[in-house]
Amino acid sequence: MKILDFHAHLDDRWLHKPIPDASHMIAAMDRFGVGQTCVYTMMGFYADTPRNNDLLLERCRRYPDRLIPFVTVDPKEGPAAVDELERCLEFPEFRGIKFHPWLQAFASSMLEETMTAILKVAARTDTPVLLHDGTPPYSTTFQVADLARWVPGAKVFLGHAGSADYVDPAARLIRDIPNLYGCYCGSRPGDLAHLVETAGADKITFGSDFDPGSWELLAERLDNTIEAGLSPEDLEAVLWRNAERILRPSGS
Amino acid sequence: MIDAHAMLGDETYLRLDAADLLRRMDAAGVDLAVARPMGAGMIVDHRAGNDLVLKAGPRIRGLASVNPWWGAKALDELARCRDLGAVGLFLDPARQGFFPTEPVATPVFERAAEYGWPVLMKTGAYIYADILALAEVARAFPRTTFIAGFGGYADMWFELPMAIRSAPNLLLDASMIWGAGIREIVDRHGPERVLFGSAEPRNRYKVVLKTIDRLELDEAARRAILHDNAARVFKIEGGRP
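Residues numbered from 1 in each chain as written. Chains lettered and ligands numbered in written order. Predicted model: local features only at pLDDT ≥ 70, side-chain atom pairs only at ≥ 80, totals over all residues. Heavy atoms only, no water.

A. View of the sheet that holds strand β8 (residues 170–173) of chain B. All names here are of chain B. Here nine strands make up an open sheet; going across it, the order is β2-β1-β3-β4-β5-β6-β7-β8-β9 and the pairing mixed. Strand pairing shows two members of the sheet lacking a second neighbour, β2 (14–16) and β9 (194–195), which therefore form its edges. Strand direction decides the pairing type here: strand β4 (residues 60–65) and strand β5 (residues 88–91), joined by three bridges, are parallel. Residue pairing across strands places Ser65 opposite Phe90, the latter belonging to β5. (Pairing = 2+ DSSP bridges. Helix = DSSP H or I, 4+ residues; strand = E, 2+ residues; numbered from the N terminus.)

B. Highlighting the nonpolar core. The biggest cluster of nonpolar side chains holds 155 residues, and the ones touching the most others in it are Leu67 of chain A together with Leu170 of chain B. Here this core gets seven residues from one element, more than from any other, and that element is helix α10 (residues 232–246) of chain A. The residues contacting Leu170 of chain B, other than those within four sequence positions of it, are Leu134, Ala135, Ala138, Phe146, Ile147, Ala148, Ala163, Ile164 and Arg193 of chain B. Met42, Val87, Phe234 and Ile236 of chain B belong to the second largest nonpolar core, which has 18 residues in total. (Core = buried A, V, L, I, M, F, W, Y, C linked by side-chain atoms within 4.5 Å. Buried < 20%, exposed > 50% of the residue type's maximum accessible area, 1.4 Å probe, protein only. Contact = heavy atoms within 4.5 Å.)

C. Layout of α10 of chain A. Residues and elements named next belong to chain A. Taking 1.5 Å of rise per residue, 15 residues should cover 21 Å, and α10 covers 20 Å from first to last C-alpha, within 8% of that figure. At Val238, α10 shows its maximal kink, close to 55°. Every buried residue belonging to α10 is among Leu235, Ala237, Val238, Leu239, Trp240, Asn242, Ala243 and Ile246, and all of these are buried. Along its buried surface, α10 packs onto β1 (4–9), β8 (156–158), β9 (180–184), α8 (189–199), β10 (204–206) and α9 (215–226). (Expected span 1.5 Å × (residues − 1). Bend = angle between axes of the 7 residues up to and from the residue.)

D. Up close: the packing of helix α6 (residues 141–150) of chain A against helix α7 (residues 167–176) of chain A. All names here are of chain A. In the contact formed by α6 and α7, the axes pass within 10 Å of each other and the chain directions differ by 5°. As far as their axial angle goes, α7 and α6 are roughly parallel. Residue-level inspection shows Thr141, Phe142, Ala145 and Arg149 of α6 in contact with α7, the latter providing Pro169, Ala170 and Leu173. Taken together, the residues of the contact of α6 with α7 break down into five nonpolar, one polar and one charged. (Axes fitted to C-alpha atoms, helices over the stretch in contact; angles between N-to-C directions. Parallel < 35°, antiparallel > 145°, perpendicular 65-115°, else oblique. Nonpolar A, V, L, I, M, F, W, Y, C, P; charged D, E, K, R; others polar.)

E. Molecular detail of the interface of chain B and chain A. With 27 residues of chain B at the interface, the matching set in chain A holds 27 residues. Both faces combined, the contact of chain B with chain A buries some 2100 Å², and carbon together with sulfur accounts for 52% of it. Inspection of the chain B/chain A interface yields six salt bridges. Close ionic contact of Lys122 of chain B with Asp165 of chain A constitutes a salt bridge, the shortest N to O distance being 3.7 Å. Inspection of the chain B/chain A interface yields ten residue pairs in polar contact (both at pLDDT 80 or more). Those elements that place two or more of their residues in the side of chain B that touches chain A are α9 (179–189) and α10 (205–214) of chain B. Ranked by residue count, the leading element in the side of chain B that touches chain A is α10 of chain B, at five residues. Grouping the constituent residues of the side of chain B that touches chain A by class yields 13 nonpolar, six polar and eight charged. (Buried area = accessible area lost by both parts, 1.4 Å probe. Salt bridge = Lys/Arg side-chain N within 4 Å of Asp/Glu carboxyl O. Polar contact = N/O pair within 3.5 Å; in protein donor to acceptor, adjacent residues only side chain to side chain.)

F. Focus on the environment of Thr144 of chain B. Residue and element names in this part refer to chain B. Counting through the fold element by element, Thr144 comes out in the loop between α7 (131–140) and β7 (146–149). The exposure class assigned to Thr144 is buried, which follows from its relative accessible area of 5%. Sequence separation between Thr144 and Tyr115 is 29 residues, and the spatial gap between their C-alpha atoms is 9.8 Å. When residues no more than four places from it in sequence are discounted, the contact partners of Thr144 are Ala113, Trp117, Val119 and Asn169.

G. Looking closely at the packing of aromatic side chains. Residues and elements named next belong to chain A. With the rule as written, the count across this model stands at 16 aromatic pairs over all chains. Note on Phe142 and Tyr166: the rings are 6.2 Å apart at their centroids and 70° apart in plane angle, and the pair reads as edge-to-face. Residue Phe142 is located in helix α6, and its partner Tyr166 is located in the loop between β8 and α7; the two are separated by 24 residues in the primary sequence. Members of the aromatic cluster, joined through ring pairs, are Phe6, Tyr40, Phe70, Phe157 and Tyr181. Lying over the aromatic face of Trp215, Arg31 brings its terminal NZ or CZ to 3.9 Å of the ring centre. The ring centre of Tyr181 lies 5.4 Å from the NZ or CZ of Lys203, which sits over that ring. (Phe/Tyr/Trp six-rings, centres within 6.5 Å; stacked < 30°, edge-to-face > 60°. Lys NZ or Arg CZ within 6 Å of the ring centre and 35° of its normal.)

H. Geometry of the pattern of salt bridges. Applying the stated criterion to the full structure yields 35 salt bridges over all chains. Among the ionic pairs, Asp191 of chain A bridges to Arg202 of chain B, the shortest N-O distance being 2.9 Å. Taken together, the residues Asp191 of chain A in helix α8 and Arg202 of chain B in the loop between β9 and α10 connect one chain to another. Taking the relative accessible area as the measure of exposure, Asp191 of chain A reaches 0% and is therefore buried. A relative accessible area of 5% means that Arg202 of chain B is categorised as buried.

I. Representation of the pairing of strand β5 (residues 67–71) of chain A within the structure. All names here are of chain A. Burial analysis of β5 places five of its five residues in the buried class, which makes it a mostly covered element. Of the two faces of β5, the one holding Leu67, Pro69 and Val71 and the one holding Ile68 and Phe70 are both buried throughout. Pairing of strand β4 (residues 36–40) with β5, which is carried by three bridges, proceeds in the parallel orientation. For Cys38, the partnering residue across the bridge sits in β5 and is Ile68. Running through helix α2 (residues 49–61), the crossover from β4 to the neighbouring parallel element β5 is right-handed. Across two bridges, the pairing between β5 and strand β6 (residues 96–99) is parallel. Across the sheet, the residue bridging to Val71 is Ile97, located in β6. This β-α-β element, β5 to helix α3 (residues 79–89) to β6, shows right-handed connectivity. (Right-handed = clockwise from strand over helix to strand, strands pointing away.)

J. Spotlight on unusual backbone geometry. Residue Pro137 of chain A is reached from Pro136 of chain A by a cis peptide bond, and omega for that bond is 0°. If you trace the backbone, Pro137 of chain A turns up in the loop between β7 (129–131) and α6. The amide bond that connects Glu200 of chain B to the next residue, Pro201 of chain B, takes the cis arrangement and shows omega of 10°. Topologically, Pro201 of chain B is positioned in the loop between β9 and α10. Residue Phe150 of chain B is not a glycine yet carries a positive backbone phi of 70°. Positionally, Phe150 of chain B belongs in the loop between β7 and α8 (160–166). The class for Phe150 of chain B is buried, based on a relative accessible area of 3%.

Written out as C-alpha coordinates, the structure reads:
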(Lines give C-alpha, C1' and ligand atoms only; values in the text may rest on other atoms or scores of the structure.)
Protein backbone atom coordinates (compact mmCIF):
# COMPACT_ATOMS: atom_id res chain seq x y z
CA MET A 1 0.00 0.00 0.00
CA LYS A 2 1.12 3.53 -0.75
CA ILE A 3 2.53 5.40 2.28
CA LEU A 4 3.05 9.12 2.82
CA ASP A 5 4.82 9.93 6.09
CA PHE A 6 3.50 13.27 7.36
CA HIS A 7 6.01 13.81 10.20
CA ALA A 8 9.78 13.35 10.03
CA HIS A 9 12.93 15.39 10.57
CA LEU A 10 15.87 16.14 8.28
CA ASP A 11 18.88 18.03 9.51
CA ASP A 12 22.63 17.48 9.86
CA ARG A 13 22.55 17.33 13.65
CA TRP A 14 20.32 17.47 16.69
CA LEU A 15 22.08 19.45 19.39
CA HIS A 16 25.54 17.86 19.56
CA LYS A 17 24.61 14.62 17.81
CA PRO A 18 25.36 14.40 14.08
CA ILE A 19 22.67 12.96 11.79
CA PRO A 20 23.44 11.07 8.56
CA ASP A 21 22.50 12.71 5.29
CA ALA A 22 19.22 12.41 3.40
CA SER A 23 20.35 9.34 1.45
CA HIS A 24 19.88 7.32 4.65
CA MET A 25 16.33 8.60 4.92
CA ILE A 26 15.60 7.58 1.34
CA ALA A 27 17.10 4.13 2.00
CA ALA A 28 14.80 3.66 5.02
CA MET A 29 11.80 4.83 3.02
CA ASP A 30 12.66 2.35 0.27
CA ARG A 31 13.07 -0.45 2.79
CA PHE A 32 9.60 0.09 4.26
CA GLY A 33 7.71 1.16 1.15
CA VAL A 34 7.30 4.83 2.03
CA GLY A 35 6.84 6.85 -1.14
CA GLN A 36 7.08 10.39 0.23
CA THR A 37 8.00 11.96 3.54
CA CYS A 38 7.25 15.40 4.94
CA VAL A 39 10.36 16.67 6.67
CA TYR A 40 10.99 19.39 9.22
CA THR A 41 14.06 21.04 10.60
CA MET A 42 15.57 20.19 13.99
CA MET A 43 18.12 22.91 14.64
CA GLY A 44 15.82 25.52 13.14
CA PHE A 45 13.65 25.17 16.22
CA TYR A 46 16.42 26.68 18.29
CA ALA A 47 17.90 29.47 16.16
CA ASP A 48 18.42 31.00 12.72
CA THR A 49 15.23 29.72 11.13
CA PRO A 50 15.72 31.43 7.72
CA ARG A 51 19.07 29.73 7.20
CA ASN A 52 17.65 26.41 8.32
CA ASN A 53 14.71 26.79 5.95
CA ASP A 54 17.15 27.31 3.10
CA LEU A 55 19.21 24.29 4.14
CA LEU A 56 16.14 22.10 4.38
CA LEU A 57 14.97 23.15 0.94
CA GLU A 58 18.41 22.44 -0.49
CA ARG A 59 18.49 18.95 1.05
CA CYS A 60 15.02 18.14 -0.25
CA ARG A 61 15.84 19.29 -3.76
CA ARG A 62 18.14 16.30 -4.10
CA TYR A 63 15.03 14.09 -3.85
CA PRO A 64 12.19 16.21 -5.22
CA ASP A 65 9.83 13.28 -5.72
CA ARG A 66 10.41 11.85 -2.25
CA LEU A 67 10.92 14.62 0.32
CA ILE A 68 8.44 17.42 1.07
CA PRO A 69 9.84 20.23 3.23
CA PHE A 70 7.78 22.12 5.83
CA VAL A 71 8.78 25.68 6.68
CA THR A 72 9.42 26.73 10.28
CA VAL A 73 9.45 30.33 11.46
CA ASP A 74 10.05 31.88 14.87
CA PRO A 75 6.88 33.71 15.90
CA LYS A 76 8.76 35.46 18.68
CA GLU A 77 10.21 37.60 15.89
CA GLY A 78 6.80 39.16 15.23
CA PRO A 79 6.17 40.52 11.71
CA ALA A 80 9.57 39.23 10.57
CA ALA A 81 8.26 35.70 11.10
CA VAL A 82 5.31 36.39 8.81
CA ASP A 83 7.69 37.83 6.20
CA GLU A 84 9.88 34.72 6.43
CA LEU A 85 6.85 32.51 5.97
CA GLU A 86 5.78 34.46 2.89
CA ARG A 87 9.34 34.24 1.52
CA CYS A 88 9.47 30.46 1.93
CA LEU A 89 6.02 29.87 0.50
CA GLU A 90 7.24 31.48 -2.71
CA PHE A 91 9.04 28.17 -3.17
CA PRO A 92 6.49 25.58 -4.33
CA GLU A 93 8.43 22.80 -2.59
CA PHE A 94 7.30 24.00 0.84
CA ARG A 95 3.91 22.36 1.28
CA GLY A 96 3.35 22.70 5.02
CA ILE A 97 4.28 24.71 8.10
CA LYS A 98 5.74 23.20 11.26
CA PHE A 99 5.98 24.61 14.80
CA HIS A 100 7.41 23.02 17.91
CA PRO A 101 6.25 25.43 20.65
CA TRP A 102 7.92 23.39 23.38
CA LEU A 103 11.36 23.54 21.76
CA GLN A 104 10.77 27.00 20.26
CA ALA A 105 9.85 28.34 23.72
CA PHE A 106 6.56 30.08 23.08
CA ALA A 107 2.93 29.63 23.94
CA SER A 108 0.75 30.68 21.04
CA SER A 109 -1.41 32.71 23.43
CA MET A 110 1.64 34.86 24.23
CA LEU A 111 1.95 35.70 20.54
CA GLU A 112 -1.66 35.93 19.47
CA GLU A 113 -1.20 38.67 16.90
CA THR A 114 1.69 36.97 15.11
CA MET A 115 0.21 33.48 15.26
CA THR A 116 -3.09 34.79 13.91
CA ALA A 117 -1.25 36.45 11.02
CA ILE A 118 0.62 33.21 10.32
CA LEU A 119 -2.58 31.18 10.37
CA LYS A 120 -4.18 33.63 7.96
CA VAL A 121 -1.28 33.16 5.55
CA ALA A 122 -1.72 29.41 5.92
CA ALA A 123 -5.43 29.69 5.18
CA ARG A 124 -4.87 31.94 2.17
CA THR A 125 -2.25 29.63 0.69
CA ASP A 126 -4.07 26.39 1.64
CA THR A 127 -1.02 25.24 3.61
CA PRO A 128 -1.45 22.92 6.62
CA VAL A 129 0.10 23.96 9.94
CA LEU A 130 1.39 21.18 12.19
CA LEU A 131 2.39 21.80 15.81
CA HIS A 132 3.96 19.44 18.31
CA ASP A 133 1.37 18.53 20.92
CA GLY A 134 1.10 16.48 24.09
CA THR A 135 3.72 18.28 26.16
CA PRO A 136 3.13 20.94 28.81
CA PRO A 137 3.49 23.86 29.26
CA TYR A 138 3.63 25.26 25.71
CA SER A 139 2.41 22.34 23.63
CA THR A 140 -0.54 20.78 25.39
CA THR A 141 -3.09 19.27 23.08
CA PHE A 142 -5.64 21.84 24.24
CA GLN A 143 -3.29 24.74 23.48
CA VAL A 144 -2.69 23.53 19.94
CA ALA A 145 -6.34 22.70 19.31
CA ASP A 146 -7.36 26.20 20.36
CA LEU A 147 -5.34 27.66 17.50
CA ALA A 148 -7.66 26.03 15.03
CA ARG A 149 -10.52 28.09 16.47
CA TRP A 150 -8.62 31.34 15.96
CA VAL A 151 -8.64 31.06 12.18
CA PRO A 152 -11.24 28.53 11.03
CA GLY A 153 -9.95 28.67 7.47
CA ALA A 154 -6.56 27.26 8.48
CA LYS A 155 -5.91 23.52 8.63
CA VAL A 156 -4.24 22.84 11.99
CA PHE A 157 -2.65 19.53 12.94
CA LEU A 158 -1.98 18.09 16.37
CA GLY A 159 1.49 16.84 15.53
CA HIS A 160 1.22 13.76 17.75
CA ALA A 161 -2.58 13.41 18.02
CA GLY A 162 -2.38 13.58 21.81
CA SER A 163 0.94 11.73 22.13
CA ALA A 164 1.18 9.74 25.37
CA ASP A 165 -1.38 11.25 27.71
CA TYR A 166 -3.81 13.36 25.68
CA VAL A 167 -5.13 10.78 23.22
CA ASP A 168 -8.73 10.89 24.34
CA PRO A 169 -8.94 14.71 24.46
CA ALA A 170 -7.23 14.78 21.06
CA ALA A 171 -9.79 12.43 19.55
CA ARG A 172 -12.70 14.52 20.85
CA LEU A 173 -11.16 17.85 19.82
CA ILE A 174 -10.41 16.60 16.30
CA ARG A 175 -14.00 15.36 16.07
CA ASP A 176 -15.46 18.66 17.29
CA ILE A 177 -13.29 21.26 15.54
CA PRO A 178 -13.81 21.07 11.77
CA ASN A 179 -10.37 22.42 10.79
CA LEU A 180 -8.39 20.40 13.37
CA TYR A 181 -6.59 17.22 12.30
CA GLY A 182 -4.33 14.69 13.99
CA CYS A 183 -1.01 13.28 12.91
CA TYR A 184 -0.82 9.83 14.50
CA CYS A 185 2.84 9.87 15.45
CA GLY A 186 4.13 7.82 18.34
CA SER A 187 0.88 6.66 19.85
CA ARG A 188 0.01 2.98 20.01
CA PRO A 189 -2.43 0.71 18.16
CA GLY A 190 -5.13 1.06 20.82
CA ASP A 191 -4.79 4.83 20.54
CA LEU A 192 -5.11 4.87 16.75
CA ALA A 193 -8.23 2.74 16.87
CA HIS A 194 -9.80 5.25 19.26
CA LEU A 195 -8.72 8.26 17.19
CA VAL A 196 -10.23 6.83 14.03
CA GLU A 197 -13.39 5.64 15.73
CA THR A 198 -13.99 8.99 17.44
CA ALA A 199 -12.66 11.57 15.00
CA GLY A 200 -13.10 9.73 11.72
CA ALA A 201 -10.44 8.23 9.48
CA ASP A 202 -10.50 11.24 7.16
CA LYS A 203 -8.92 13.49 9.82
CA ILE A 204 -5.94 11.36 10.83
CA THR A 205 -2.58 11.05 9.03
CA PHE A 206 0.35 8.74 9.66
CA GLY A 207 3.65 10.19 10.90
CA SER A 208 6.83 8.50 12.09
CA ASP A 209 9.01 11.26 13.62
CA PHE A 210 12.05 9.44 12.27
CA ASP A 211 15.22 11.04 10.98
CA PRO A 212 17.95 9.62 8.70
CA GLY A 213 19.72 8.11 11.72
CA SER A 214 16.73 6.26 13.19
CA TRP A 215 15.21 3.90 10.63
CA GLU A 216 13.95 1.65 13.45
CA LEU A 217 11.51 4.35 14.49
CA LEU A 218 9.90 4.32 11.06
CA ALA A 219 9.51 0.54 11.31
CA GLU A 220 7.99 0.75 14.79
CA ARG A 221 5.55 3.48 13.86
CA LEU A 222 4.40 1.52 10.83
CA ASP A 223 3.94 -1.55 13.07
CA ASN A 224 1.75 0.55 15.37
CA THR A 225 -0.39 1.60 12.45
CA ILE A 226 -0.75 -1.80 10.85
CA GLU A 227 -1.62 -3.47 14.17
CA ALA A 228 -4.49 -1.08 14.97
CA GLY A 229 -6.93 -3.30 13.10
CA LEU A 230 -8.28 -0.59 10.79
CA SER A 231 -10.39 -1.44 7.77
CA PRO A 232 -8.48 -1.34 4.46
CA GLU A 233 -10.27 1.90 3.52
CA ASP A 234 -9.42 3.60 6.82
CA LEU A 235 -5.83 2.38 6.68
CA GLU A 236 -5.44 3.80 3.20
CA ALA A 237 -6.87 7.14 4.37
CA VAL A 238 -4.47 7.30 7.33
CA LEU A 239 -1.39 6.09 5.47
CA TRP A 240 -1.57 8.44 2.49
CA ARG A 241 -4.90 9.59 1.12
CA ASN A 242 -5.57 12.27 3.76
CA ALA A 243 -2.05 13.65 3.61
CA GLU A 244 -2.17 13.91 -0.15
CA ARG A 245 -5.50 15.75 0.04
CA ILE A 246 -4.42 18.19 2.75
CA LEU A 247 -0.87 19.14 1.74
CA ARG A 248 -0.50 22.46 -0.06
CA PRO A 249 -1.12 21.67 -3.70
CA SER A 250 2.09 20.80 -5.47
CA GLY A 251 3.42 23.63 -7.63
CA SER A 252 1.21 26.32 -6.07
CA MET B 1 8.10 -15.37 27.83
CA ILE B 2 6.72 -13.33 30.72
CA ASP B 3 4.85 -10.12 30.02
CA ALA B 4 5.63 -7.78 32.91
CA HIS B 5 2.90 -5.23 32.23
CA ALA B 6 -0.58 -5.95 30.91
CA MET B 7 -3.77 -4.14 31.92
CA LEU B 8 -7.20 -5.53 32.71
CA GLY B 9 -10.43 -3.60 33.09
CA ASP B 10 -12.01 -0.63 31.37
CA GLU B 11 -10.47 2.83 31.11
CA THR B 12 -11.78 5.52 28.75
CA TYR B 13 -11.20 3.84 25.38
CA LEU B 14 -9.26 0.78 26.53
CA ARG B 15 -10.83 -2.44 27.70
CA LEU B 16 -9.53 -5.96 28.15
CA ASP B 17 -10.70 -9.00 30.09
CA ALA B 18 -8.73 -12.04 31.12
CA ALA B 19 -10.08 -14.28 28.34
CA ASP B 20 -9.05 -11.81 25.66
CA LEU B 21 -5.63 -11.32 27.23
CA LEU B 22 -5.10 -15.08 27.23
CA ARG B 23 -6.03 -15.24 23.54
CA ARG B 24 -3.52 -12.52 22.76
CA MET B 25 -0.86 -14.26 24.87
CA ASP B 26 -1.42 -17.54 23.03
CA ALA B 27 -1.18 -15.84 19.64
CA ALA B 28 2.13 -14.24 20.65
CA GLY B 29 3.61 -17.24 22.45
CA VAL B 30 3.61 -15.52 25.83
CA ASP B 31 3.51 -17.99 28.72
CA LEU B 32 2.56 -15.74 31.58
CA ALA B 33 1.45 -12.14 32.08
CA VAL B 34 1.67 -9.84 35.06
CA ALA B 35 -1.44 -7.66 34.96
CA ARG B 36 -2.64 -4.64 36.89
CA PRO B 37 -6.09 -3.06 36.97
CA MET B 38 -6.97 0.03 34.96
CA GLY B 39 -9.81 2.54 35.10
CA ALA B 40 -12.10 2.76 38.11
CA GLY B 41 -10.74 -0.52 39.43
CA MET B 42 -7.32 1.08 39.73
CA ILE B 43 -8.30 4.61 40.69
CA VAL B 44 -11.15 4.22 43.22
CA ASP B 45 -12.74 0.76 43.28
CA HIS B 46 -9.73 -1.24 44.35
CA ARG B 47 -11.43 -4.37 45.51
CA ALA B 48 -13.09 -4.88 42.13
CA GLY B 49 -9.98 -3.98 40.18
CA ASN B 50 -7.68 -6.13 42.24
CA ASP B 51 -10.03 -9.10 42.14
CA LEU B 52 -10.06 -8.81 38.36
CA VAL B 53 -6.31 -9.35 38.09
CA LEU B 54 -5.89 -11.68 41.06
CA LYS B 55 -8.58 -14.11 39.98
CA ALA B 56 -7.72 -14.20 36.29
CA GLY B 57 -6.33 -17.72 36.33
CA PRO B 58 -2.93 -19.37 36.66
CA ARG B 59 -1.31 -17.73 33.63
CA ILE B 60 -2.09 -14.20 34.79
CA ARG B 61 -0.49 -12.92 37.98
CA GLY B 62 -1.81 -9.78 39.58
CA LEU B 63 -0.31 -6.53 40.79
CA ALA B 64 -2.41 -4.98 43.53
CA SER B 65 -3.22 -1.30 43.27
CA VAL B 66 -4.48 1.09 45.92
CA ASN B 67 -4.88 4.82 46.12
CA PRO B 68 -2.61 5.96 48.97
CA TRP B 69 -5.17 8.57 49.97
CA TRP B 70 -7.33 5.75 51.34
CA GLY B 71 -4.84 5.47 54.23
CA ALA B 72 -5.44 2.48 56.51
CA LYS B 73 -8.07 1.07 54.15
CA ALA B 74 -5.45 0.95 51.43
CA LEU B 75 -3.11 -1.04 53.65
CA ASP B 76 -5.92 -3.45 54.55
CA GLU B 77 -6.59 -3.97 50.85
CA LEU B 78 -2.92 -4.72 50.23
CA ALA B 79 -3.01 -7.36 52.96
CA ARG B 80 -6.07 -8.92 51.34
CA CYS B 81 -4.30 -8.93 47.97
CA ARG B 82 -1.21 -10.55 49.44
CA ASP B 83 -3.39 -13.40 50.68
CA LEU B 84 -4.84 -13.72 47.17
CA GLY B 85 -1.37 -14.09 45.68
CA ALA B 86 -0.45 -10.63 44.42
CA VAL B 87 3.12 -10.46 43.09
CA GLY B 88 3.66 -6.73 43.48
CA LEU B 89 2.21 -3.24 43.77
CA PHE B 90 1.06 -0.97 40.94
CA LEU B 91 0.64 2.78 41.31
CA ASP B 92 -0.41 5.49 38.86
CA PRO B 93 0.37 8.78 40.61
CA ALA B 94 -1.19 10.89 37.85
CA ARG B 95 -4.51 9.05 37.94
CA GLN B 96 -4.49 8.42 41.69
CA GLY B 97 -3.44 11.99 42.50
CA PHE B 98 -0.29 12.03 44.60
CA PHE B 99 3.37 12.85 44.37
CA PRO B 100 5.42 9.70 44.88
CA THR B 101 7.56 11.66 47.33
CA GLU B 102 4.77 13.02 49.52
CA PRO B 103 4.15 11.45 52.94
CA VAL B 104 0.72 10.09 52.07
CA ALA B 105 2.40 7.53 49.80
CA THR B 106 5.07 6.41 52.26
CA PRO B 107 3.02 3.76 54.13
CA VAL B 108 2.18 2.07 50.84
CA PHE B 109 5.85 1.85 49.87
CA GLU B 110 6.69 0.59 53.34
CA ARG B 111 4.05 -2.11 53.00
CA ALA B 112 5.43 -3.17 49.61
CA ALA B 113 8.88 -3.39 51.18
CA GLU B 114 7.51 -5.48 54.05
CA TYR B 115 5.91 -7.92 51.60
CA GLY B 116 9.01 -8.06 49.41
CA TRP B 117 6.99 -6.77 46.46
CA PRO B 118 8.35 -4.89 43.47
CA VAL B 119 6.60 -1.61 42.70
CA LEU B 120 5.54 -0.86 39.12
CA MET B 121 4.66 2.82 38.74
CA LYS B 122 3.36 4.49 35.62
CA THR B 123 5.66 7.29 34.52
CA GLY B 124 5.21 9.74 31.71
CA ALA B 125 3.44 13.06 31.83
CA TYR B 126 5.05 15.61 34.00
CA ILE B 127 3.88 16.63 37.47
CA TYR B 128 2.76 13.55 39.40
CA ALA B 129 4.21 10.95 37.03
CA ASP B 130 7.70 12.42 36.75
CA ILE B 131 10.19 9.58 36.35
CA LEU B 132 12.66 11.47 38.53
CA ALA B 133 10.16 11.38 41.41
CA LEU B 134 10.15 7.61 41.08
CA ALA B 135 13.95 7.62 41.17
CA GLU B 136 13.77 9.61 44.43
CA VAL B 137 11.54 6.96 45.98
CA ALA B 138 13.74 4.17 44.64
CA ARG B 139 16.73 5.70 46.41
CA ALA B 140 14.71 6.03 49.62
CA PHE B 141 13.77 2.32 49.52
CA PRO B 142 16.98 0.72 48.21
CA ARG B 143 15.94 -2.86 48.98
CA THR B 144 12.71 -2.62 46.98
CA THR B 145 12.69 -3.08 43.21
CA PHE B 146 10.96 -0.26 41.33
CA ILE B 147 9.91 -0.44 37.70
CA ALA B 148 9.39 2.65 35.57
CA GLY B 149 6.09 1.76 33.90
CA PHE B 150 5.98 2.97 30.27
CA GLY B 151 9.56 4.25 30.71
CA GLY B 152 8.62 7.92 30.89
CA TYR B 153 6.79 7.67 27.58
CA ALA B 154 6.62 9.95 25.79
CA ASP B 155 8.32 13.21 26.62
CA MET B 156 10.34 12.23 29.67
CA TRP B 157 12.35 9.74 27.63
CA PHE B 158 15.50 11.82 27.90
CA GLU B 159 15.49 11.47 31.69
CA LEU B 160 15.34 7.68 31.58
CA PRO B 161 19.08 6.80 31.32
CA MET B 162 20.12 9.04 34.19
CA ALA B 163 17.19 7.93 36.34
CA ILE B 164 18.17 4.29 35.82
CA ARG B 165 21.79 5.16 36.56
CA SER B 166 20.87 6.98 39.75
CA ALA B 167 19.07 4.04 41.38
CA PRO B 168 20.39 0.47 41.03
CA ASN B 169 16.99 -0.87 42.08
CA LEU B 170 15.14 0.92 39.26
CA LEU B 171 14.22 -1.07 36.12
CA LEU B 172 12.61 -0.17 32.80
CA ASP B 173 9.27 -1.52 31.63
CA ALA B 174 9.82 -1.62 27.86
CA SER B 175 6.15 -1.82 26.90
CA MET B 176 5.81 1.67 25.45
CA ILE B 177 9.29 3.00 24.82
CA TRP B 178 10.90 2.84 21.39
CA GLY B 179 13.76 0.55 20.47
CA ALA B 180 16.52 3.15 20.66
CA GLY B 181 15.47 3.97 24.22
CA ILE B 182 15.58 0.31 25.22
CA ARG B 183 18.93 -0.18 23.53
CA GLU B 184 20.44 2.74 25.43
CA ILE B 185 19.50 1.21 28.79
CA VAL B 186 20.77 -2.23 27.74
CA ASP B 187 24.06 -0.82 26.50
CA ARG B 188 24.68 1.48 29.45
CA HIS B 189 23.25 -0.50 32.34
CA GLY B 190 22.84 -4.07 31.18
CA PRO B 191 19.88 -6.20 30.05
CA GLU B 192 19.07 -7.09 33.66
CA ARG B 193 17.56 -3.60 33.98
CA VAL B 194 14.90 -4.11 31.29
CA LEU B 195 11.59 -5.99 31.40
CA PHE B 196 9.52 -7.01 28.41
CA GLY B 197 5.97 -5.68 28.79
CA SER B 198 3.09 -5.43 26.38
CA ALA B 199 0.89 -2.59 27.65
CA GLU B 200 -1.95 -4.62 26.15
CA PRO B 201 -4.56 -3.46 25.22
CA ARG B 202 -2.98 -0.07 24.44
CA ASN B 203 0.00 -1.58 22.67
CA ARG B 204 0.27 -5.00 21.04
CA TYR B 205 2.52 -8.01 21.66
CA LYS B 206 3.49 -8.06 18.02
CA VAL B 207 4.69 -4.45 18.08
CA VAL B 208 6.79 -4.84 21.24
CA LEU B 209 8.30 -8.17 20.20
CA LYS B 210 9.28 -6.81 16.79
CA THR B 211 10.87 -3.82 18.52
CA ILE B 212 12.92 -6.18 20.71
CA ASP B 213 13.80 -8.36 17.71
CA ARG B 214 15.28 -5.35 15.92
CA LEU B 215 17.69 -4.80 18.80
CA GLU B 216 19.47 -8.00 17.68
CA LEU B 217 20.44 -8.85 21.25
CA ASP B 218 22.55 -11.86 22.11
CA GLU B 219 20.66 -14.85 23.45
CA ALA B 220 21.45 -14.20 27.11
CA ALA B 221 20.30 -10.58 26.96
CA ARG B 222 17.18 -11.53 25.07
CA ARG B 223 16.32 -14.23 27.58
CA ALA B 224 16.88 -11.84 30.46
CA ILE B 225 14.52 -9.24 29.03
CA LEU B 226 11.83 -11.64 27.84
CA HIS B 227 11.81 -13.94 30.84
CA ASP B 228 14.50 -14.10 33.50
CA ASN B 229 14.26 -10.57 34.86
CA ALA B 230 10.51 -10.82 35.37
CA ALA B 231 10.84 -14.27 36.94
CA ARG B 232 13.38 -12.84 39.39
CA VAL B 233 11.60 -9.58 40.17
CA PHE B 234 8.11 -11.06 40.56
CA LYS B 235 9.43 -14.30 42.12
CA ILE B 236 7.82 -16.43 39.44
CA GLU B 237 9.35 -19.87 39.03
CA GLY B 238 9.90 -21.02 35.48
CA GLY B 239 7.69 -19.11 33.09
CA ARG B 240 4.95 -21.60 32.86
CA PRO B 241 2.41 -21.99 35.64
